[in-house]
Amino acid sequence: MSDTLSLKEAQKAIIISQGIQSEHKLGKGKAATFNAISAMNYVQIDSISVVERAHHHSIWNRAENYHPSHIEQLLADKQIFEYWSHAASYLPMEDYRYSLPRKNAFAQGEQHWFDRDKKAMSLVLQRIKTDGPLQAKDFKDTRATKTGWWDWKPAKKALEQLFMEGDLMVVNRQGFHKVYDLTERVLPENIDTSTPTSEEYYQYLIINYLQANAIGTPEQISYLLKGLKVSIKAHCMQMLEEGLLIEIIVNKQCYFALPSFNHLLKKKLSHKKVKILSPFDNLLIQRKRTKALFDYDYQIECYVPALKREVGYFSLPLLWGSKFAGRMDAKIDRKLGELNILNLHLETKKPDEFIPDLKTTLDKFLSFNKGTSINVVKITTNKGVLSKDEIQKFTATLSALPSHLKVKTE
């Protein structure tokens, strides 16, 4: 028999599962960072640096006193590794063996991005065996012509292919560029390198997803995992029969959950805490799911032509308790130390209550981005752009709140 939940209950369970309000419960330092990554299953890596990069941003929202150096330390300590989840990600090293089915598929001929160049792969692998860890820039490009930024040189393509097939691993990044070494020299000695059976693999995907996201459909669990939806659905039904899963109904949609689900509903959730999220945060990376469960229609607009953008280039979702209260197009001017709020788009009916809670988080977000002042350029709502008087009232309210920050408007 399926349990029926309200959207409010489902939202609470999801946010608690994601560790989005668990800063004081995950420990300190790099231990908290590791626990945050484990709670999420993975953290997506992204190169956009309008504000602090996505992987740092997502962990900062979960781990108290997070510092970007924690990632480097965890990589050096071999507690996490870099590979592909639904995108480039950091994952717990203890989950290494579950990356092997994908690696084996690429090694057996499944295409990633490029055709396999066996000669280049052999030369690159031999060079790293001899010389130790290397970056793509350590290999010369002897081609006479290039056709664009995606036209990688043969050595770079070979490095990426060897990485995807599992012969190489990333030991660290320098200036965001990958440094590769032989997998056998990177893996801890005690790590399990046996390939999981199909049943082990599907159960791992299902259980880990539900631990991090509370509820999920087979489509959501298999998100961007090519060709796995049918098998995952079959295994969900099998696990349901065995009592390893339960069914939850939310808004007439059937979801799977772990038997321990009800414990989530007993935990407390702050309704005043504001979280400025990365567009790549695990909580909302599946946009259709976010729309269905939070009634929040979110799109990152950096890939949208400038004239068609509704909010801005890199709008950050604003989570207020268990509801989304808007989004904020922001950019840090690192030379001036100024966080420019190019457009604060409010989607709450209680802006007067929201502003003080937002200010508390803005203080922390500014410090996280190594800024010293805030510049509010524009504020909009679904009804249009606020007047100068309304913006001045908003910024005056911000300035009046206790803070070490400067707030101004253009």
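This write-up is about the structure you can find in this document. Since the structure is predicted, the reported quantities are computational estimates derived from the model, not experimental observations.

**Here we look at the overall build of the protein**
And step 1. Secondary structure summary: the protein contains 15 helices and 16 strands in total.
And step 2. Expected size for 410 residues packed as a compact globule is a radius of gyration near 22 Å; at 23 Å, the protein falls within 12% of this value.
And step 3. Projected onto the principal axes, the alpha-carbon positions of the protein cover approximately 65 × 60 × 40 Å.
And step 4. Residue burial in the protein is summarised as follows: out of 410 residues, 54% are buried.
And step 5. The contacts in the protein between residues at least 6 apart in sequence include a share of 64% that link residues at least 24 apart.
And step 6. For the protein, the accessible surface area stands at approximately 20500 Å², while carbon and sulfur atoms represent 51% of it.
And step 7. Put simply, the protein has 58 plus and 47 minus side-chain charges, and the middle of one group is 4 Å from the middle of the other.

**Describing the pattern of salt bridges**
And step 1. For the structure on display, the rule yields twelve salt bridges.
And step 2. Ionic pairing is found between Arg-97 and Glu-200, a salt bridge with its closest N-O pair at 3.3 Å. In this pair, Arg-97 is assigned in the loop between strand S4 (88–92) and helix H5 (100–107) and Glu-200 in helix H9 (residues 198–213), connecting sequence segments 103 residues apart.
And step 3. Measuring nitrogen to oxygen at the nearest pair gives 2.6 Å for the salt bridge that ties Glu-347 to Arg-327. Highlighted residues: Glu-347 in the loop between strand S12 (338–346) and helix H14 (351–368) and Arg-327 in strand S11 (residues 323–333), separated in sequence by 20 residues.
And step 4. Residue class for Glu-347 comes out partly exposed when judged on its relative accessible area of 26%.
And step 5. Shared partners join several salt bridges into a network, and the residues in it are Arg-97, Asp-192 and Glu-200.

**Quick notes on the sheet that holds S4**
In sheet architecture, strand pairing relies on hydrogen bonds along the backbone and comes in two forms, parallel and antiparallel.
And step 1. As summarised here, the arrangement of the three strands in space is S2-S4-S3, forming an open sheet in which the pairing is antiparallel. Strands with a single pairing partner mark the edges of an open sheet, and in this sheet they are strand S2 (43–44) and strand S3 (80–84).
And step 2. Sheet topology note: the S2/S4 ladder contains two bridges and is antiparallel. Residue pairing for S4: Gln-44 is matched across the bridge by Ser-89.

**Regarding the pairing of strand S8 (residues 253–257)**
And step 1. Strand direction decides the pairing type here: strand S7 (residues 246–250) and S8, joined by five bridges, are antiparallel. Bridging across to S8, Glu-247 finds its partner in Phe-256.
And step 2. Counting the residues in the hairpin turn of S7 and S8 gives two residues, including Asn-251, whose phi is positive at 55°.

**Observations regarding the packing of helix H1 (residues 7–17) against helix H13 (residues 287–294)**
And step 1. Two numbers describe how H1 lies on H13: the axes approach to 9 Å, and their chain directions differ by 135°. In terms of axis orientation, H1 runs oblique to H13. Only Arg-289, Ala-292, Leu-293 and Phe-294 of H13 make contact with H1, whose side of the interface consists of Leu-7, Gln-11, Ile-14 and Ile-15.
And step 2. Residues of the contact of H1 with H13, tallied by class, amount to six nonpolar, one polar and one charged.

**Remarks on the pairing of S4**
And step 1. The buried fraction of S4 is high, at five of five residues.
And step 2. Looking at chain direction, S3 and S4 are connected through five bridges and run antiparallel. Looking across to S4, one finds that Tyr-83 is bridged to Ser-89.
And step 3. Between S3 and S4, which pair antiparallel one after the other, the connecting turn spans three residues.

**Details of the nonpolar core**
And step 1. Ranked by internal contacts, the top residues of the largest apolar core, which has 104 residues, are Ile-59, Ile-128, Ile-215, Phe-261, Met-328, Leu-339 and Phe-365.
And step 2. Among all residues touching Ile-128, those that are not within four sequence positions of it are Leu-134, Phe-139, Leu-159, Leu-168, Tyr-180, Asp-181, Leu-182 and Arg-185.

Thresholds, definitions, all that
Residues numbered from 1 in each chain as written. Predicted model: local features only at pLDDT ≥ 70, side-chain atom pairs only at ≥ 80, totals over all residues. Heavy atoms only, no water. Helix = DSSP H or I, 4+ residues; strand = E, 2+ residues; numbered from the N terminus. Rg over C-alpha atoms; globule rule 2.2 N^0.38 Å. Buried < 20%, exposed > 50% of the residue type's maximum accessible area, 1.4 Å probe, protein only. Contact = heavy atoms within 4.5 Å. Areas by Shrake-Rupley, 256 points an atom, 1.4 Å probe, with all protein chains shown as cover. Lys, Arg positive; Asp, Glu negative; His and termini not counted. Charge placed at Lys NZ, Arg CZ, Asp CG, Glu CD. Salt bridge = Lys/Arg side-chain N within 4 Å of Asp/Glu carboxyl O. Pairing = 2+ DSSP bridges. Axes fitted to C-alpha atoms, helices over the stretch in contact; angles between N-to-C directions. Parallel < 35°, antiparallel > 145°, perpendicular 65-115°, else oblique. Nonpolar A, V, L, I, M, F, W, Y, C, P; charged D, E, K, R; others polar. Core = buried A, V, L, I, M, F, W, Y, C linked by side-chain atoms within 4.5 Å.

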